[in-house]
Amino acid sequence: MSLVLQIALAVTLLLLFELYFCKRLITSLKTAFGDSGKIKTGSLIFLIILNVYPLYMISSLLFVELTQGRLYSQPEGGFFDYFVYFPFVILILTVAQSIIFFLIIDLLRLAVSPFLKKYKEKTKVAASWAVVATAAVFFIYVPARVIYDFSVFEVRNVVYTKATLPESLNNFKIAFIADIQADSYNTPARIGKYIDKLNATKPDLVLVGGDVITGTPEYTPTYINVAAEYLGDIKSRLGVYSCIGDHDHWAYKDDNVRSIREVSTALKEKKVDMVDNQNMTFRVGNTAIGVTFATSTYVDRIGEPLLDKLTENNHGSLKILLSHQPSQYLIDRAEKEHYDMMLAGHTHGGQLTFLFPFHNLTFTQLETQYVKGDFHFGNMLLVVTRGLGMSTVPFRYNSTPEITLITLKKN
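None of these values were measured; they are calculated from a predicted model.

Calculation rules
- Residues numbered from 1 in each chain as written.
- Predicted model: local features only at pLDDT ≥ 70, side-chain atom pairs only at ≥ 80, totals over all residues.
- Heavy atoms only, no water.
- Helix = DSSP H or I, 4+ residues; strand = E, 2+ residues; numbered from the N terminus.
- Buried < 20%, exposed > 50% of the residue type's maximum accessible area, 1.4 Å probe, protein only.
- Areas by Shrake-Rupley, 256 points an atom, 1.4 Å probe, with all protein chains shown as cover.
- Salt bridge = Lys/Arg side-chain N within 4 Å of Asp/Glu carboxyl O.
- Axes fitted to C-alpha atoms, helices over the stretch in contact; angles between N-to-C directions.
- Left-handed = near helix turned anticlockwise from the far one by under 90°.
- Contact = heavy atoms within 4.5 Å.
- Nonpolar A, V, L, I, M, F, W, Y, C, P; charged D, E, K, R; others polar.
- Expected span 1.5 Å × (residues − 1).
- Pairing = 2+ DSSP bridges.
- Core = buried A, V, L, I, M, F, W, Y, C linked by side-chain atoms within 4.5 Å.
- Polar contact = N/O pair within 3.5 Å; in protein donor to acceptor, adjacent residues only side chain to side chain.
- Phe/Tyr/Trp six-rings, centres within 6.5 Å; stacked < 30°, edge-to-face > 60°.
- Lys NZ or Arg CZ within 6 Å of the ring centre and 35° of its normal.

Observations concerning the overall build of the chain
Within the chain, the secondary structure is distributed over 9 helices and 14 strands. Dimensions of the chain, computed from C-alpha atoms along their principal axes, come out at roughly 80 × 60 × 40 Å. Residues classed as buried in the chain amount to 52% of the 411 residues present. Accessible surface, the chain: about 19900 Å² in total, of which carbon and sulfur atoms supply 62%.

What to know about the pattern of salt bridges
The full count for this structure, using the stated rule, is 12 salt bridges. One salt bridge in this structure joins Asp149 and Arg145, with 3.1 Å as the shortest N-O distance. Taken together, the positions of Asp149 and Arg145, both in helix α4 (residues 120-151) and 4 residues apart, correspond to about one turn of that helix. Shared partners join several salt bridges into a network, and the residues in it are Glu154, Arg156, Asp374, Arg386 and Glu402.

Thoughts on the packing of helix α6 (residues 220-231) against helix α7 (residues 256-269)
Close contact between α6 and α7 brings their axes to 8 Å; oriented N to C, the two are set at 35 degrees. The handedness of the crossing between α6 and α7 is right-handed. Contacts from Ile224, Ala228 and Leu231 in α6 reach Glu262, Val263, Ala266 and Leu267 in α7. Tallied by class, the residues present in the contact of α6 with α7 amount to 6 nonpolar, no polar and 1 charged.

Digging into α6
An α-helix turns once every 3.6 residues. As a result, residues three or four positions apart point the same way. Counted at 1.5 Å a residue, the expected span for α6 with its 12 residues is 16 Å, and the 16 Å between its end C-alpha atoms agrees. Listed in full, the buried residues belonging to α6 are Thr220, Tyr223, Ile224, Val226, Ala227, Ala228, Tyr230 and Leu231. Contacts from the buried residues of α6 go to β2 (173-177), α5 (188-200), α7 and β5 (272-274).

Considerations on the sheet that holds strand β12 (residues 373-377)
Strand-to-strand pairing in sheets goes through backbone hydrogen bonds, with the strands running parallel or antiparallel. An order of β6-β7-β8-β9-β13-β12 is seen for the 6 strands of this open sheet, with the pairing classed as mixed. Edge strands, defined here as strands with exactly one partner in the open sheet, are β6 (278-284) and β12. Strand-to-strand, the axes of this sheet are offset by a mean angle of 20 degrees, without reference to chain direction. Sheet analysis places strand β7 (residues 287-293) next to strand β8 (residues 318-322), joined by 5 bridges and oriented parallel.

Observations concerning the sheet that holds β5
One open sheet holds the 6 strands; their spatial order is β1-β14-β2-β3-β4-β5, and the pairing between them is mixed. Each end of this open sheet is capped by a strand with a single partner; those strands are β1 (154-162) and β5. Across this sheet, the average inter-strand angle for adjacent strands is 20 degrees, counted without regard to direction. Pairing of β1 with strand β14 (residues 402-410), which is carried by 9 bridges, proceeds in the parallel orientation. Each bridged residue has a counterpart across the sheet, and for Val159 the counterpart in β14 is Thr407.

Quick look at the nonpolar core
In summary, soluble globular proteins display a tendency toward joint burial of nonpolar side chains. With 36 residues, the main nonpolar core has Phe21, Phe46, Tyr85, Val89, Leu93, Val142 and Tyr397 as its most contacted residues. Elements with a minimum of two residues in this core: α1 (3-33), α2 (37-67), α3 (78-112) and α4. Per-element accounting of this core gives the leading share, 16 residues, to α3.

As for the side chain of His348
With respect to the helices and strands, His348 occurs in the loop between β9 (341-344) and β10 (353-354). The exposure class of His348 is buried, given its relative accessible area of 3%. Polar contacts involving the side chain of His348 include one to the side chain of Gln181, which spans 2.7 Å. Excluding its chain neighbours within four sequence positions, the residues that come into contact with His348 are Asp179, Gln181, Arg386, Gly389, Met390, Ser391, Arg396 and Ser399.

Topic: the environment of Tyr53
Mapped onto the elements, Tyr53 comes out in helix α2. Residue Tyr53 is classed as buried on the basis of its relative accessible area of 11%. Separated by 36 residues in the primary sequence, Tyr53 and Val89 have C-alpha atoms spaced 9.1 Å apart.

A word on the packing of aromatic side chains
Tallying each qualifying case throughout the model produces 23 aromatic pairs. Centre to centre, the rings of Phe21 and Phe102 are 5.6 Å apart; their planes meet at 10 degrees, and the pair counts as stacked. With a gap of 81 residues between them, Phe21 in helix α1 and Phe102 in helix α3 connect regions that are remote in the sequence. Both residues of the pair, Phe21 and Phe102, count as buried. Ring centres of Phe153 and Tyr194 lie 5.5 Å apart, and the angle between their planes is 85 degrees; on these two criteria the pair is classed as edge-to-face. Highlighted residues: Phe153 in the loop between α4 and β1 and Tyr194 in helix α5, separated in sequence by 41 residues. In this structure Tyr194 comes out as buried when scored by relative accessible area, which is 0%. Grouped by ring-pair contacts, the aromatic residues Tyr53, Phe80, Tyr82, Tyr85, Phe86, Phe88, Tyr185 and Phe395 constitute a single cluster. Just above the ring of Phe150 sits the side chain of Arg190; from NZ or CZ to the centre is 4.5 Å. Here the guanidinium or amino end of Lys319 rests over the ring plane of Tyr339, the centre of that ring lying 4.7 Å away.

Worth remembering: the numbers are spatial, not functional.
The structure is reproduced here in structure tokens:
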């Protein structure tokens, strides 16, 4: 599909999206409050604000297509972010979240209408008030939640129990984090607050699920150094160790090898090891924790022969498989080889998660069913952390960043 057709399709979908939202809300406002010129004026202002960013992107892409020129990067920071990009993302999230409930309201009205024919007008008014109230709630809730999920970090405590756990591992604490993703939006100040909260848990060992940077080639050295500096500030008795993530390959466009080399080198200088398809053994008293670092990313996936070798030769009293993505083939292998735990990140906990009755919705579910939290496979525990960073858009919505603190207990 050509770029022009892609643009046309995107514009069509966006317009249909906006048309349903505005038509439904304006109709409801008129029903609830009566027709008013202020409603039309307000909707026009809303549409203008909502479409400034799409118009900028469309004009840029068309310019590239028509002139075969270079697509300039989106401006970062300052006026453009705060007055164009951020308002667009937050408004789109608000519209999307509202539409989900608009549809529920309309479906409920359709379902009850055959039984309430003589109350048709009252049902219409009630539905209109429900639509207006829904929009009002989400115009407040969505930006408030975005700010909350940017500013707040949770410590999620997980207790792993094992009857045969050696006494020296009883009450041992493993802090698991992922997706630091240092970039222009995930600022040093934010990363620093996250690391301070991590250090307050006083972990014995820290494992990182990869993606220490987002990967913006123009500013790569800066972001690599920021990630290395703050990960180097982590205090842990047995050290800090990371597997490789998708974005760690993308520090330099079309040069994955250089990207991994420079990220790994910068981390190593701060005494943080990035481990690629290896076993590591951590001695604790008279026993050991064996960790298999398996690389599973969009760019690189561990081969079966090497995976066989690693999983068959992890002899720790507690066996952990650490990978960036919660890939099913690794889950199956870890369970088969009697691993105690598998740890993964990548999902951002469903970075944009929309409220929905009984089960919230996120695009991450299209990729994996293991979006966040704990999953049991026989005697093995899979832990998927929400991590810290963002990708695609510089916000989280209903996905508060977390530090996962795993405490080992003998039962």
